[in-house]
Amino acid sequence: MSEQLRTILSIRFSAMGDVAMTIPVMQQVLEQNPDIQIVFVSNKNWGALCAGIPRLIFFPADLKGAHKGFKGLYRLFKAIRKSWKIDAVADLHHVLRSQIVRTFFRLTGCPVVFIDKGREEKKALARPEEKILMPLTSTIERYATVFRNLGLSLTINQTRAPFGRQELTGEIMAITGPKNGDRWIGLAPFATYKEKTYPLEKMEEVLATLVKYPQTKVLLMGGGAAEVAQLTTLAIKYPDAVVVAGRFYLPEEMVIISNLDVMISMDSANMHLASLFGVPAVSVWGATHPFAGFMGFGQSESNIVQLESLSCRPCSIFGNKPCFRGDHACMEWIPPAAIVDKVVKVVE
């Protein structure tokens with residue numbers, strides 16, 4: 001059957017959250033275009049994001065090993081070409097690495113389309129003075145436009161999550177316990193940058209309130225030794241909270257997320273992972289802003305927590321610039337009760 005299909009190479013390297021946002025788009029491309037298959041090349045660790053989607057083939061890129069540098073990217077190109085006849089390339093990243101890979105394919109006569117990231121619009125949104133504060137085209141829609149520009153039919157439906165709830169395994173329930181009708185709240189308090197992170201002592205106040213609700217379990221989520229250590233300290237103080245961070249690989253973490261009733265997250269990967277399962281995310285935004293287009297797929301604006309009146313926001317698109325005020329007001333000034341109120345409205 002695969003010999004009768006046109007094969008589209010889709011490229012998106014980088015962070016898990018950005019990659020997760022491609023999944024619902026590619027799923028709907030495949031559903032609406034049954035004559036194609038997509039070979040998706042991305043970071044080797046993110047294969048679980050694609051599992052179970054018909055005609056979506058994950059190809060792992062080892063960008064720190066076998067596919068590092070120009071020679072490594074050429075090796076990646078040759079490996080892909082050896083396995084499939086690529087009919088077109090959809091570059092969903094448009095950075096140097098993806099540009100190199102797509103150029104190799106273009107030199108073979110393969111059509112190439114790449115994402116318009118709207119860099120100038122984003123600069124205007126995040127500049128210190130005379131901001132143009134308006135909603136920009138979402139990243140989901142930017143991804144979709146790439147596929148449309150390849151001549152594919154695509155109407156995005158953000159009410160349809162790619163995946164449904166998955167069955168908890170015995171190994172998972174040995175840590176979490178069975179759900180048994182309880183409300184499960186995922187709490188993912190970390191982000192890559194401080195400017196995107198709600199202060200942990202304030203998030204502790206959120207936790208202290210939520211664990212008091214009956215038939216409610218808070219699952220503490222994160223990654224890396226430092227985050228696991230901080231979450232473990234919290235769980236000691238609040239025994240009704242369970243640390244799942246650092247205990248499972250991505251496939252098991254996705255099963256857990258699929259069983260949540262709500263996810264509390266920053267502008268970070270956990271918001272996007274929740275979105276893959278249609279789990280509502282109460283997302284907390286500081287230096288960054290939903291206007292930049294990185295809201296989770298299908299997420300409601302009513303679940304956003306942010307200080308809309310703070311004129312310096314957003315000060316960056318990705319949260320990677322230090323606070324020029326020096327007081328991190330965009331996060332420090334958000335009261336814990338504002339987060340709790342949003343969560344309660346979702347679960348009750």
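1. Things to note about the overall build of the protein
Here is step 1 of the chain: In terms of regular secondary structure, the protein is built from twelve helices and eleven strands.
Here is step 2 of the chain: The dimensions of the protein, computed from C-alpha atoms along their principal axes, are 60 × 55 × 35 Å.
Here is step 3 of the chain: Evaluated residue by residue, the protein yields a buried proportion of 55% over its 348 residues.
Here is step 4 of the chain: Accessible area of the protein: about 15800 Å², with a carbon and sulfur share of 53%.
Here is step 5 of the chain: One way to put it: in the protein the 39 positive side-chain charges average out to a point 8 Å from where the 32 negative ones average out.

2. Concerning the side chain of Q28
Here is step 1 of the chain: Following the sequence through the fold, Q28 ends up in helix α1 (residues 16–32).
Here is step 2 of the chain: Overall, the relative accessible area of 1% leaves Q28 in the buried class.
Here is step 3 of the chain: Contacts of Q28, omitting those with residues within four sequence positions, involve L154, T155, I156, N157, R160 and F297.

3. Overview of the pattern of salt bridges
Here is step 1 of the chain: What the rule picks out here adds up to 13 salt bridges.
Here is step 2 of the chain: One salt bridge in this structure joins D87 and K85, with 2.8 Å as the shortest N-O distance.
Here is step 3 of the chain: Under the relative-accessibility criterion, D87 is labelled partly exposed at 24%.
Here is step 4 of the chain: The partner of D327 in a salt bridge is R325, and the shortest N-O contact between them spans 2.9 Å.

4. Focus: the nonpolar core
Here is step 1 of the chain: The biggest cluster of nonpolar side chains holds 63 residues, and the ones touching the most others in it are I23, V25, I38, F40, L49, F147 and L276.
Here is step 2 of the chain: Among the elements that make up this core, the one with the highest residue count is α1 (nine residues).
Here is step 3 of the chain: Within the second largest apolar cluster, 37 residues are counted, among which are Y198, L207, L234 and I264.

5. Details of the packing of aromatic side chains
Here is step 1 of the chain: Evaluated as defined, the whole model comprises nine aromatic pairs.
Here is step 2 of the chain: Judged by centre distance (5.9 Å) and plane angle (75°), the ring pair of F59 and W84 falls under edge-to-face. You can see F59 sitting in strand β3 (residues 56–61) and its partner W84 sitting in the loop between α2 (69–83) and β4 (88–91), a full 25 residues away along the chain.
Here is step 3 of the chain: One aromatic cluster is present, built from ring pairs that chain together F70, Y74, F77, F104 and F105.

6. Some words on α1
Here is step 1 of the chain: In this model α1 runs 25 Å from its N-terminal to its C-terminal C-alpha over 17 residues, within 8% of the 24 Å that 1.5 Å per residue would give.
Here is step 2 of the chain: When you tally the buried positions in α1, you get 14 out of 17 residues, the bulk of the element.

7. Brief notes about the packing of α2 against helix α3 (residues 96–106)
Here is step 1 of the chain: Where α2 meets α3, the axes come as close as 10 Å, and the angle between the chain directions of the two elements is 45°. Here α3 runs oblique to α2, going by the angle between their axes. The handedness of the crossing between α2 and α3 comes out as right-handed. From α2, F70, L73, Y74, L76, F77 and I80 reach across to α3, where they touch R97, I100, V101, F104 and F105.
Here is step 2 of the chain: Broken down by class, the residue content of the contact of α2 with α3 amounts to ten nonpolar, no polar and one charged.

8. What to know about the sheet that holds strand β7 (residues 216–220)
Consider a sheet: its strands pair through backbone hydrogen bonds, and that pairing is either parallel or antiparallel.
Here is step 1 of the chain: A sheet is described by the order of its strands in space; here six strands give the open sequence β8-β7-β6-β9-β10-β11, paired in parallel fashion. Bordering the open sheet on either side are β8 (241–243) and β11 (304–305), each of which pairs with just one other strand.
Here is step 2 of the chain: Here helix α8 (residues 225–237) sits on the sheet in contact with β7 and β8, set at roughly 155° to β8.

9. Quick notes on the pairing of strand β6 (residues 183–188)
Here is step 1 of the chain: Of all six residues in β6, six are buried; the element is thus mostly enclosed.
Here is step 2 of the chain: Both faces of β6 are covered, namely the face carrying R183, I185 and L187 and the face carrying W184, G186 and A188.
Here is step 3 of the chain: With five bridges connecting them, β6 and β7 associate as parallel partners. Across the sheet, the residue bridging to W184 is K217, located in β7.
Here is step 4 of the chain: Looking at chain direction, β6 and strand β9 (residues 262–266) are connected through four bridges and run parallel.

10. So, the sheet that holds β3
Here is step 1 of the chain: As summarised here, the arrangement of the five strands in space is β3-β2-β1-β4-β5, forming an open sheet in which the pairing is parallel. Edge strands, defined here as strands with exactly one partner in the open sheet, are β3 and β5 (112–114). Neighbour-to-neighbour, the strand axes of the sheet open up by a mean angle of 20°, direction not taken into account.
Here is step 2 of the chain: Pairing of β4 with β5, which is carried by three bridges, proceeds in the parallel orientation. Residue pairing across strands places V89 opposite V112, the latter belonging to β5.
Here is step 3 of the chain: Against the sheet, α1 engages β1 (6–11), β2 (36–43) and β3, with an angle of about 170° to β2.
Here is step 4 of the chain: The strands that α2 touches are β1, β2 and β3; relative to β3, the one it contacts most, it runs at about 150°.

11. Thoughts on the packing of helix α7 (residues 200–210) against helix α12 (residues 336–347)
Here is step 1 of the chain: Remark: α7 packs on α12, axes separated minimally by 9 Å, with the N-to-C direction vectors making an angle of 40°. The angle between α7 and α12 places the two elements in the oblique class. Two packed elements cross with a definite hand, and for α7 against α12 that hand is right-handed. Seen from α7, the contacting residues are K202, M203, E205, V206, T209 and L210; seen from α12, they are P336, I339, V340 and V343.
Here is step 2 of the chain: Split by residue class, the contact of α7 with α12 holds seven nonpolar, one polar and two charged.

Definitions and cut-offs
Residues numbered from 1 in each chain as written. Predicted model: local features only at pLDDT ≥ 70, side-chain atom pairs only at ≥ 80, totals over all residues. Heavy atoms only, no water. Helix = DSSP H or I, 4+ residues; strand = E, 2+ residues; numbered from the N terminus. Buried < 20%, exposed > 50% of the residue type's maximum accessible area, 1.4 Å probe, protein only. Areas by Shrake-Rupley, 256 points an atom, 1.4 Å probe, with all protein chains shown as cover. Lys, Arg positive; Asp, Glu negative; His and termini not counted. Charge placed at Lys NZ, Arg CZ, Asp CG, Glu CD. Contact = heavy atoms within 4.5 Å. Salt bridge = Lys/Arg side-chain N within 4 Å of Asp/Glu carboxyl O. Core = buried A, V, L, I, M, F, W, Y, C linked by side-chain atoms within 4.5 Å. Phe/Tyr/Trp six-rings, centres within 6.5 Å; stacked < 30°, edge-to-face > 60°. Expected span 1.5 Å × (residues − 1). Axes fitted to C-alpha atoms, helices over the stretch in contact; angles between N-to-C directions. Parallel < 35°, antiparallel > 145°, perpendicular 65-115°, else oblique. Left-handed = near helix turned anticlockwise from the far one by under 90°. Nonpolar A, V, L, I, M, F, W, Y, C, P; charged D, E, K, R; others polar. Pairing = 2+ DSSP bridges.

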